[in-house]
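# Close look at the chain arrangement
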Amino acid sequence: MRTHYCAEINESHIGQSITLCGWVASRRDHGGVIFIDIRDKDQVLQLVCDPADNTTAHKAAEGVRDQFVLVVTGKVRARGEGLENPNLKTGKVEIVVDEIIIENRSLPMPFELGDMKVNEEIRLKYRYLELRTQRSYDIFKLRSKVTMAARNALDEMGFLEVETPIITKSTPEGARDYLVPSRVHKGEFYALPQSPQLFKQLLMVGGFDRYFQIAKCFRDEDLRADRQPEFTQIDVEMSFCDQEDVITVAERLIYEIFTKNGLSVPTTFNRMTHTHAMESYGSDKPDMRYDLAMVDVIDIFERCDNEIFSGIAKSPKKNRIKALKVPNGDNIFSKRQMKGFEEYVRKFGAQGLGYFQMKEDGLKGPLAKFFTDEDLETIVERCQLAVGDAVFFGAGEKKTVLDYMGRFRIFLAEEMEIIPKDKFEFLWVVDFPMFEVEDGRTKALHHPFTMPKLTENGGFDFEDIEDIQSIAYDIVLNGTELGGGSIRIHKEAIQSEVFKLLGIGEEEAAEKFGFLLDALKFGAPPHGGFAMGLDRMIMLMSGTESIRDVIAFPKTQKAQCLLTQAPGIVDEEQLKELGLRIRQTQNS
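Let me sum up the structure you'll find in this document. (Residues numbered from 1 in each chain as written. Predicted model: local features only at pLDDT ≥ 70, side-chain atom pairs only at ≥ 80, totals over all residues. Heavy atoms only, no water.)

### Side note on the environment of S239
- With respect to the helices and strands, S239 occurs in strand 10 (residues 230–239).
- Here S239 falls in the buried class, since its relative accessible area comes to 7%.
- Sequence separation between S239 and S334 is 95 residues, and the spatial gap between their C-alpha atoms is 57 Å.
- Beyond its immediate stretch of four places on either side in the chain, S239 contacts M204, D209, P525, P526 and H527. (Helix = DSSP H or I, 4+ residues; strand = E, 2+ residues; numbered from the N terminus. Buried < 20%, exposed > 50% of the residue type's maximum accessible area, 1.4 Å probe, protein only. Contact = heavy atoms within 4.5 Å.)

As structure tokens, then:
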């Protein structure tokens, strides 16, 4: 129906007759002459309907309203002097309309397109309308280009794209699975995959050597701004490799994706151990676009005259006392603000928050009286304080202190507005713990197929199970976990021992993972890989604040689709075929 897209039209087309198709972005009647902005997939072009040129076209234009679907034929001409629009790619030309065909009309819009102040529920209910905006098109154009760049880069590196199953066996070792009842095998269930993890390892056993997939994954978990119940990841696995090989591939992939889309990133990224990240930044995904690192001062506080602090300091393995320097903080924040910060950290388990101010004559503040002059000078040296700085202190149980001081670091950076918005700062966090203990239960920090760091004789030797490290690594971008991976366990004996440490007995392991354990007995090669969240990557590259903006038809934070009203009730006949019935509960 069309001869050109709007974006193609420029001064070289002046005098030519063309046909355009699209939606009315706006309509303006200037005393008889009607101007219409028509928009197709990614650009707007101005139409001019002048009764002096064509009365039929002008009469048709009188009936046109916003978001009507038009097919328009006319001649390209230059805009008059001073009437050019530098904000549009097509801003130097316009179309003098000869014919307008109204292909379809539109009801009045439920909201103004592009107005981000509109309630998100309304925008999601009419998501197909929001997709008409230039902002949405640009996001999904970027997403398409990123996906193509990823495929091309991995193809050039010798990776083979393989699709793995979407309905599979439930192996609940991470988030909750989405379950799919079987009609043929009544009472039994498939699960939607949380990741292709087991299948990509089996592909390595199958000799595929280098695999990748743009994979759909599903997790039934509580949602946040950067999470959805269904999401997409760039999934990669390779054989006969070590951590350095995997990191090299991941860095090249990221470099290709970003540079192919006009963004500058380095070819290699900085690294930090998990221990250093937690102790210095209170997070395993620190934002390195700004500093504000924590310093350990527990040994100094052990000598102070405050019994609360000195008591905490007597258990340096269990507890932490961390100092967080804020350059020029004494000049930026009032005493009232500094005391108010205590209310913020209390929300995350803090018992309090101490602080000093660096004055011309030394450290001042409520805590100063508990320290000797010598120890105050030691604090100044260790925290590298200068006149005008402020320094805050968190004390207590290790995990709690690291958590709230890490959050406080981010809070301060946002308050001071020191986070650059146009910078991409990548970081590898390596040497993750293999296990974590919660409520007396040992869990795998990444997943149970991660290779632990073993002793020289190839075994486990530990006093505290949380001290065992793994060969695992996360890639962090601007304080967001972009992805991660590990070297996998490729020997059945090691995998069985890890299951034992996780409290998974032989019978349970055979039931849940028997196919993997069997495969490891048939010559499984050393292998490892990673996965990167495509949705998160697009969110960061496009500068949006919600992952919902980069998914065509996203769910709400309650995992609902407001457009289709999913999830929904199914009829009794469908339930009967599946051998299911709905049981009413007190809360239903």
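Having seen it, we continue.
### A look at a nonpolar patch on the surface
- On the surface, I166, I167 and Y190 cluster together into a nonpolar patch covering about 260 Å² of accessible area.
- Tracing the backbone through its elements, the reader meets I167 in the loop between strand 6 (160–161) and strand 7 (179–181).
- What makes I167 partly exposed here is its relative accessible area of 46%. (Patch = residues over 30% accessible without salt bridge, like charges linked within 9 Å, V, L, I, M, F, W, Y side chains within 5 Å. Areas by Shrake-Rupley, 256 points an atom, 1.4 Å probe, with all protein chains shown as cover. Salt bridge = Lys/Arg side-chain N within 4 Å of Asp/Glu carboxyl O.)

### Observations regarding the environment of L263
- Inspection of the secondary structure puts L263 in the loop between helix 6 (243–260) and strand 11 (270–273).
- Judged by its relative accessible area of 23%, L263 falls in the partly exposed class.
- Counting along the chain gives 148 residues from L263 to D115, while the straight-line C-alpha distance between them is 27 Å.
- Each residue touching L263, except ones within four places of it in the same chain, is listed here: F258, F424 and M541.

### Focus: the pattern of salt bridges
- Summed over the entire model, instances satisfying the criterion amount to 34 salt bridges.
- In this structure, D42 engages K141 in a salt bridge whose closest nitrogen and oxygen atoms are separated by 3.7 Å. Of this pair, D42 sits in the loop between strand 2 (33–39) and strand 3 (44–49) while K141 sits in helix 4 (residues 134–156); the two residues are 99 residues apart in sequence, bridging distant segments of the chain.
- Overall, K141 belongs to the partly exposed group, its relative accessible area being 36%.
- Across the pair K200 and E237 runs a salt bridge, and its minimum N-O distance is 3.5 Å.

### Points about unusual backbone geometry
- The omega angle of the peptide bond from A566 to P567 is 0 degrees, so this bond is cis rather than trans.
- Inspection of the secondary structure assignment puts P567 in the loop between helix 16 (534–542) and helix 17 (572–578).
- At F240, a residue that is not glycine, the phi angle is positive and equals roughly 50 degrees.
- Residue placement: F240 occurs in the loop between strand 10 and helix 6.
- Residue F240 is classed as exposed on the basis of its relative accessible area, which comes to 62%.
- One non-glycine residue with positive phi stands out, namely Q384, at about 55 degrees.
- Topologically, Q384 is positioned in the loop between helix 12 (373–383) and strand 16 (390–397).

### What to know about the side chain of T147
- By the element assignment, T147 lies in helix 4.
- Polar contacts involving the side chain of T147 include one to the main-chain carbonyl oxygen of R143, which spans 2.9 Å.
- Not counting residues up to four positions away in its chain, the partners in contact with T147 are I214 and L534. (Polar contact = N/O pair within 3.5 Å; in protein donor to acceptor, adjacent residues only side chain to side chain.)

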